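# What the coordinates show
Here is what each chain is made of, one letter per residue.
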Amino acid sequence: MTGLTVLLPPSETKREGGDPERTLDLRALSFPELAAERAAVITAARSVSSEESSARAALKLGPKSIAERLRNLELDTSGTMAAIDRYTGVLYDPLDAQQADDGTRSWWFGHVIVQSAMFGPIGAGDPIPAYRLSHDSRLGTVRLGSHWPGPAARALASLPEGLVLDLRSEGYRQLGPVTGAIAPRVVSVDGSGRRKALNHWNKTAKGRLVALLGRTSASVESMDELVDWAAANGVVFERADGGWDLVAESLEPLAV
């Protein structure tokens with residue numbers, strides 16, 4: 001099997017709720033061979049979340065977000081929803097996933113992988129509870145930066161042959177390295193042709209790109225084919241500095 005795989009980072013913000021009849025089942029997640037690594041992170045996250053003082057330091061929580069530690073104490077009992085629905089924020093909001101049609105959602109479920117700090121790489125359709133954990137969280141003896149890369153990289157090596165489009169941020173890319181993946185830079189181009197790499201707003205462009213890929217049920221197996229698909233849909237991918245630039249303005253004007 002060949003095709004396109006899109007790697008996304010998770011989001012710090014998450015939608016509450018979920019199906020109360022379907023709680024977390026590590027065997028139901030993609031890459032079930034990561035069950036032991038997932039269980040170890042869950043145990044460590046639960047431990048540091050048991051008290052406000054430890055949670056504040058480990059999870060970098062402030063007064064307004066300290067209650068989010070409770071999510072980690074309810075991982076086994078709270079309701080789940082598809083990962084693509086769970087995550088919210090600048091990257092995920094353009095997807096409007098819960099309102100997407102079945103064809104779009106089916107494409108995402110088949111082509112999108114999210115690199116979670118809690119669960120490692122998971123499929124867009126995998127049922128997960130709300131949680132609080134970031135790539136740089138401190139979990140005592142479990143160091144995410146050394147815990148995930150080896151097992152996650154081995155799991156991701158089983159992806160279908162074809163193009164891997166890596167839209168993860170650097171911190172999450174390090175948790176699951178993928179050899180040969182294409183990681184485009186998101187840029188803004190002004191009237192004189194000058195380019196500026198985007199920071200915060202690059203997530204919006206990435207979200208719009210993934211939304212469009214899903215809506216068009218893109219059939220892509222190589223970077224050349226992605227460039228052709230992009231041109232047909234008004235999106236600009238260009239070679240630059242030995243890599244690829246994704247021009248944000250081609251995915252609707254952004255305020256930068």
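Residues numbered from 1 in each chain as written. Predicted model: local features only at pLDDT ≥ 70, side-chain atom pairs only at ≥ 80, totals over all residues. Heavy atoms only, no water.

## As for the pattern of salt bridges
Cut-off, in case you're wondering: Any Lys or Arg side-chain nitrogen located within 4 Å of an Asp or Glu carboxyl oxygen qualifies as a salt bridge. Remark: exposure states derive from per-residue accessible area (1.4 Å probe, protein chains only) relative to the maximum for the residue type, with buried under 20%, exposed over 50%, and partly exposed in between.
Per the counting criterion, the structure on display carries 16 salt bridges. With its nearest N and O atoms 3.8 Å apart, the salt bridge here joins Glu68 to Arg71. Arg194 is paired through a salt bridge with Asp190; the nearest N and O atoms lie 3.0 Å apart. A residue is classified by how much of its surface remains accessible, and Arg194, at 60% relative accessible area, is exposed. Accessibility expressed as a relative area gives 33% for Asp190, which makes it partly exposed.

## Section: the side chain of Thr80
To keep things clear, this is the line we draw: What counts as a helix is a DSSP run of H or I of at least four residues, what counts as a strand is a run of E of at least two, and both are numbered from the N terminus. A 3.5 Å cut-off defines polar contacts: any pair of N or O atoms within that distance qualifies, except that in protein one atom must be a possible hydrogen donor and the other a possible acceptor, and neighbouring residues in sequence count only when both atoms are side-chain atoms. Residues count as neighbours in contact if any of their non-hydrogen atoms are within 4.5 Å of one another.
On the secondary structure map, Thr80 appears in the loop between helix H3 (69-73) and strand S2 (81-82). A distance of 2.7 Å separates the side chain of Thr80 from the backbone oxygen of Arg22, its partner in a polar contact. Discounting chain neighbours no more than four positions away, the residues touching Thr80 are Gly18, Asp19, Arg22, Thr23, Leu24, Arg86, Pro127, Ile128 and Pro129.

## Some thoughts on the sheet that holds strand S8 (residues 195-197)
Whenever strands of a sheet pair, they do so through backbone hydrogen bonds, lying parallel or antiparallel. We apply this condition: By this definition, two strands are paired if DSSP reports at least two bridges between them. Between N-to-C directions, angles cover 0 to 180 degrees, with each direction set by a line fitted to C-alpha atoms, over the stretch in contact for helices.
Across the sheet, four strands lie side by side as S8-S7-S10-S9; this open sheet has mixed pairing. What marks the edges here is a single partner per strand, and that holds for S8 and strand S9 (237-240). Each strand axis lies, on average, 45° off the axis of its neighbour in the sheet, ignoring direction. As judged from the three bridges shared by strand S7 (residues 185-189) and strand S10 (residues 243-247), these two strands associate in the parallel manner. Note that in S10 the partner of Val186 across the bridge is Leu246. Lying over the sheet, helix H10 (residues 223-232) contacts S9 and S10, oriented at roughly 130° with respect to S9.

## Concerning the packing of aromatic side chains
Selection criterion: Two rings from Phe, Tyr or Trp (for Trp, the six-membered ring) form a pair when their centres sit within 6.5 Å of each other. Planes less than 30 degrees apart are called stacked, planes more than 60 degrees apart edge-to-face, and all others tilted. Here, a charge over a ring is recorded when the distance from Lys NZ or Arg CZ to the ring centre is within 6 Å and its angle to the ring normal is within 35 degrees.
Following the criterion strictly, the structure yields three aromatic pairs and no others. Each ring, one from Tyr87 and one from Tyr92, has its centre 5.3 Å from the other, and the planes form 35°; the classification is tilted. As far as the burial class goes, Tyr87 and Tyr92 line up, both buried. Their ring planes at 80° and their centres at 5.4 Å tell us that Phe119 and Tyr131 sit as a pair that is edge-to-face. Placement of Phe119 in the loop between strand S3 (112-116) and strand S4 (120-123) and of Tyr131 in the loop between strand S5 (127-128) and helix H6 (144-147) is noted, with a sequence separation of twelve residues between them. Taken individually, Phe119 and Tyr131 each receive the classification buried, so the pair is uniform in this respect. The structure contains a cluster of three or more aromatic residues connected by ring pairs, namely Tyr87, Tyr92, Phe119 and Tyr131. For Lys14, the ring lying beneath its charged end belongs to Tyr131, and the centroid distance is 4.4 Å.

So, to be careful, I would describe these as geometric facts and stop short of saying anything about function.
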